[in-house]
Amino acid sequence: MRVLLNVLCLAAVFNIGLATAADEAKPATPVYKTKKLGKAEIDQLLAKPEKLVVIDVRRPDELTKIGGFPVYLSIQLADFEKSLAYIPKDRTIVTVSNHAGRALKTGDILIDKGFKVAGAIGAQNYEEEGGKLTRIEAPQPATAQK
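The structure reproduced in this document is the subject of the present report. (Residues numbered from 1 in each chain as written. Predicted model: local features only at pLDDT ≥ 70, side-chain atom pairs only at ≥ 80, totals over all residues. Heavy atoms only, no water.)

A short note on the sheet that holds strand 2 (residues 73–74)
Reading across the sheet, the 4 strands line up as 2-1-3-4 and stay open at both edges, with parallel pairing between neighbours. The two strands at the open ends of the sheet, each matched to only one other strand, are strand 2 and strand 4 (117–122). Where strand 1 (residues 52–56) meets strand 2, 2 bridges bridge the pair, whose relative direction is parallel. When the sheet's bridge partners are listed, Asp56 is paired in strand 2 with Ser74. This element, helix 4 (residues 101–112), spans strand 1, strand 3 (92–97) and strand 4 of the sheet and lies at about 150° to strand 3. (Pairing = 2+ DSSP bridges. Helix = DSSP H or I, 4+ residues; strand = E, 2+ residues; numbered from the N terminus. Contact = heavy atoms within 4.5 Å. Axes fitted to C-alpha atoms, helices over the stretch in contact; angles between N-to-C directions.)

Structure follows, in structure tokens:
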């Protein structure tokens, strides 16, 4: 009986050690300077388009498949640093991706470069909250003329 009790105690200690090691191995959730916005906040900002720039960092196939906002600059994250000169500094910026991950990262880049960023939103999150996205039809390839 005493042997069984010792084995159970060792098993308990070993499991606690594994749980602690597993907790330490988990990656930390990224902390962003950029605020994640909801539908109501975006709708307020979109009501004053003359003061706003929406920057969508998704790939073209994501834009056509999912949809986006009516007017935006499309700059993929990989090309972002090269495109900073084309972004107006006198307007408030909202960044967009599917679920705001890339948009939050982009917002932080802009904040670090001195831009005024209201926040980031995921287009799919916006739609889930009842927002209406604009659907974009992909252009058909040109057919050869005979």
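Let's talk about the pairing of strand 4
The buried fraction of strand 4 amounts to 5 of the 6 residues, a majority that puts the element mostly inside the structure. In the sheet, strand 3 pairs with strand 4 via 5 bridges, with the strands oriented parallel. Considered in strand 4, the bridge of Val96 is made with Ile121. (Buried < 20%, exposed > 50% of the residue type's maximum accessible area, 1.4 Å probe, protein only.)

A few points about unusual backbone geometry
Keep in mind that most residues, glycine aside, have a negative phi and that most peptide bonds are trans. For Ala100, which is not glycine, the phi dihedral falls at a positive 80°. By secondary structure assignment, the location of Ala100 is in the loop between strand 3 and helix 4.

Some remarks on the side chain of Glu62
Note that Glu62 resides in helix 3 (residues 60–66). At 2.7 Å, the side chain of Glu62 and the side chain of Asn98 are in polar contact. Ignoring anything within four residues of it in the chain, the contact list for Glu62 reads Gly67, Asn98 and Arg102. (Polar contact = N/O pair within 3.5 Å; in protein donor to acceptor, adjacent residues only side chain to side chain.)

Considerations on helix 4
Along its 12 residues, helix 4 runs 17 Å from first to last C-alpha, staying within 8% of the 16 Å computed at 1.5 Å per residue. Turning to helix 4, its buried residues number three or more, namely Ala103, Leu104, Thr106, Gly107, Asp108, Ile109 and Leu110. Taken together, the buried residues of helix 4 touch strand 1, strand 3 and strand 4. (Expected span 1.5 Å × (residues − 1).)

Structural notes on the packing of aromatic side chains
In this structure the tally under the stated criterion is 1 aromatic pair. Seen from the ring of Phe115, Lys89 lies directly overhead, with NZ or CZ sitting 4.8 Å from the centre. (Phe/Tyr/Trp six-rings, centres within 6.5 Å; stacked < 30°, edge-to-face > 60°. Lys NZ or Arg CZ within 6 Å of the ring centre and 35° of its normal.)

Points about the pattern of salt bridges
Following the criterion strictly, the structure yields 10 salt bridges and no others. Its salt-bridge partner being Glu41, residue Lys35 comes within 2.5 Å of it at the nearest N-O pair. Taking relative accessible area as the criterion, Lys35 reaches 46% and is therefore assigned partly exposed. Here Glu41 falls in the partly exposed class, since its relative accessible area comes to 26%. It is possible to trace a salt-bridge network through shared partners that takes in Arg59, Asp61, Glu62 and Arg102. (Salt bridge = Lys/Arg side-chain N within 4 Å of Asp/Glu carboxyl O.)

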